[in-house]
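Summary of structural features
Residues per chain are reported as follows:
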Amino acid sequence: MEYTIQPTEPVSKEITRIADGKVETAIGHIDGDMDPHETVHEVRKRCKEVRAALRLVRPVLPTYSEENAQYRDAARRVSDVRDAQAMIETFDDHVKSAVEAEDALDETTLTEIREALLTRRDTIAVEAELETLLTRVRADLVEGRSRIENLPIATDGYDAVAGGLRKSYKRGRNRMAEAYEDPTFERFHEWRKRIKYHRYHSRLLRRVWVEPMKERREQLKRLSDVIGDENDLAEFAMAMHDEELFDQEIRETLDPILRGRRSELHRRGRPLGERIFAEPPDRLVDRIGAYWTATREYDPNP
């Protein structure tokens, strides 16, 4: 199911098509034979895609809060299990290479760290009764899907998406300023969420003008990766200390390495963010609205 709105079609029809397709895919993940941790990851992604689609039409969807909560709460059921798996991925993708670059820990110690993270993940999954949780998530998805066909989206055309696009973009712009004014984990985490929503919205609106929107999505992907990596490293460090993972000497060795890597990612993210969020919200919405009109009226097969 293509995750994009066709400007030549009614927005209400497109949003229901997209949401229904993503929920169907999520249910298919649960019913399939993927690794359970991959299933969790994919189902959560589908829930985020549904929520982003609903958020785009939020100002004209009176039941937005109820529908958003449906998929938010479904994904939260398995968030602890997903976070545990994400720590392993963060170690594999970022922590291990950073430690090796500093020649800070030997290979045996790095192997022991990864084994400890695997044991932690498996313990969390067993204690959470992951299979039961996924059954509950499936029921949540089925319930939500039963309402999709009758989502009361109040209008069609660009007016249906302009308000949600403006709100999403404006929040991303504001959260960026706040994050660099006071670079705490909480502020960068909030900015990361807003970047992701604007990236989803750029995917949903890509048909308004394919090549420029493709470039925007690629730049948003770069920014999302940079700030996402920073967020993952911050969460790794917090869990490491909060749960006293590994011994104290290892934690003390990892601490400055993680801080240094996070600072580097902060620096890399700023020019990307300043460019992506350079326009005032109204100007961006008007520009994409002009693309929408040109495509709808003069280029029905962009």
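None of the values given here were measured: they were computed from a predicted structure.

Quick notes on the overall build of the chain
A tally of helices and strands in the chain yields 11 helices and 0 strands. Each helix and strand of the chain, ordered N terminal to C terminal, gives the series α-α-α-α-α-α-α-α-α-α-α. Here the C-alpha atoms of the chain give a radius of gyration of 21 Å, agreeing with the 19 Å that 2.2 N^0.38 yields for 302 residues. Across its three principal axes, the chain shows a C-alpha extent of roughly 65 × 45 × 30 Å. Taken across its 302 residues, the chain has 50% of its residues classed as buried. Counting only contacts in the chain whose residues sit at least 6 apart along the sequence, the fraction spanning at least 24 positions is 77%. Counting every atom, the chain has about 14700 Å² of accessible surface; 44% of that belongs to carbon and sulfur. Here the chain contributes 53 positively and 62 negatively charged side chains, and the mean placements of these two sets differ by 7 Å.

Some remarks on the nonpolar core
If you look at the biggest cluster of nonpolar residues, it comprises 88 residues, and the most contacted ones within it are Leu-141, Trp-191, Phe-236 and Leu-254. Per-element accounting of this core gives the leading share, 10 residues, to helix H9 (residues 210–242). Those residues in contact with Leu-141 that sit more than four places away from it in its chain are Val-23, Ala-26, Ile-27, Ile-30, Val-43, Cys-47 and Tyr-71.

Considering the pattern of salt bridges
Here the structure, examined in full by the defined rule, presents 34 salt bridges. Notably, a salt bridge pairs Asp-92 with Arg-114, separated by 2.8 Å at the nearest N-O pair. Here Asp-92 is found in helix H4 (residues 79–102), whereas its partner Arg-114 is found in helix H5 (residues 107–128), with 22 residues between them in sequence. One salt bridge in this structure joins Arg-262 and Glu-230, with 2.7 Å as the shortest N-O distance. Placement of Arg-262 in helix H10 (residues 248–276) and of Glu-230 in helix H9 is noted, with a sequence separation of 32 residues between them. Judged by relative accessible area, Arg-262 falls into the buried class, the value being 19%. By relative accessible area, which is 1% here, Glu-230 ends up buried. Residues joined in a network through salt bridges with shared partners are Lys-22, Glu-42, Lys-45, Arg-46, Glu-49 and Arg-203.

Thoughts on the side chain of Thr-39
Structurally, Thr-39 can be placed in helix H2 (residues 36–56). Once residues lying within four places of it in the same chain are set aside, the contact partners of Thr-39 are His-29, Ile-30, Met-34 and Leu-134.

Things to note about helix H7 (residues 159–181)
In an α-helix, one full turn covers 3.6 residues, which means residues spaced three or four apart are oriented alike. The end-to-end C-alpha separation of H7 is 34 Å, in line with the 33 Å expected for 23 residues at 1.5 Å each. Restricting attention to buried positions, one finds in H7 the residues Ala-160, Val-161, Ala-162, Gly-164, Leu-165, Ser-168, Tyr-169, Gly-172, Arg-175, Met-176, Ala-179 and Tyr-180. Of the surrounding elements, those touching the buried residues of H7 are helix H1 (11–31), H2, helix H8 (185–204), H9, H10 and helix H11 (281–298).

Overview of the packing of H2 against H8
One way to put it is that H2 packs onto H8 with a least axis distance of 9 Å and a crossing angle of 75°. Our classification of the angle between H2 and H8 gives roughly perpendicular. Two secondary-structure elements touch here, H2 through Lys-45, Lys-48, Glu-49, Arg-51, Ala-52, Ala-53, Arg-55 and Leu-56 and H8 through Arg-194, Lys-196, Tyr-197, Tyr-200, His-201, Arg-203 and Leu-204.

Quick word on unusual backbone geometry
The phi dihedral of Glu-244 is positive, around 50°, even though this residue is not glycine. In this fold, Glu-244 is placed in the loop between H9 and H10. Here the phi dihedral of Phe-246 falls at roughly 65°; this positive angle occurs in a residue that is not glycine. Along the chain, Phe-246 falls in the loop between H9 and H10.

Some details on the packing of aromatic side chains
A complete count under the given rule lists 8 aromatic pairs for this structure. Here Tyr-158 and Trp-292 contribute two aromatic rings whose centre-to-centre distance is 5.5 Å and whose plane-to-plane angle is 50°, an arrangement assigned as tilted. You can see Tyr-158 sitting in the loop between helix H6 (130–148) and H7 and its partner Trp-292 sitting in helix H11, a full 134 residues away along the chain. A residue is classified by how much of its surface remains accessible, and Trp-292, at 3% relative accessible area, is buried. Consider the rings of Trp-209 and Tyr-291, whose centres lie 5.0 Å apart with planes at 80°: the pair is edge-to-face. In this pair, Trp-209 is assigned in the loop between H8 and H9 and Tyr-291 in helix H11, connecting sequence segments 82 residues apart. For Trp-209, a relative accessible area of 47% corresponds to the partly exposed category. A connected cluster of aromatic rings, assembled from ring pairs, spans Tyr-180, Phe-188 and Trp-191. For the cation-ring pair, Arg-55 lies above Tyr-197, with the distance from its terminal atom to the ring centre recorded as 4.1 Å.

The rules we used
Residues numbered from 1 in each chain as written. Predicted model: local features only at pLDDT ≥ 70, side-chain atom pairs only at ≥ 80, totals over all residues. Heavy atoms only, no water. Helix = DSSP H or I, 4+ residues; strand = E, 2+ residues; numbered from the N terminus. Rg over C-alpha atoms; globule rule 2.2 N^0.38 Å. Buried < 20%, exposed > 50% of the residue type's maximum accessible area, 1.4 Å probe, protein only. Contact = heavy atoms within 4.5 Å. Areas by Shrake-Rupley, 256 points an atom, 1.4 Å probe, with all protein chains shown as cover. Lys, Arg positive; Asp, Glu negative; His and termini not counted. Charge placed at Lys NZ, Arg CZ, Asp CG, Glu CD. Core = buried A, V, L, I, M, F, W, Y, C linked by side-chain atoms within 4.5 Å. Salt bridge = Lys/Arg side-chain N within 4 Å of Asp/Glu carboxyl O. Expected span 1.5 Å × (residues − 1). Axes fitted to C-alpha atoms, helices over the stretch in contact; angles between N-to-C directions. Parallel < 35°, antiparallel > 145°, perpendicular 65-115°, else oblique. Phe/Tyr/Trp six-rings, centres within 6.5 Å; stacked < 30°, edge-to-face > 60°. Lys NZ or Arg CZ within 6 Å of the ring centre and 35° of its normal.

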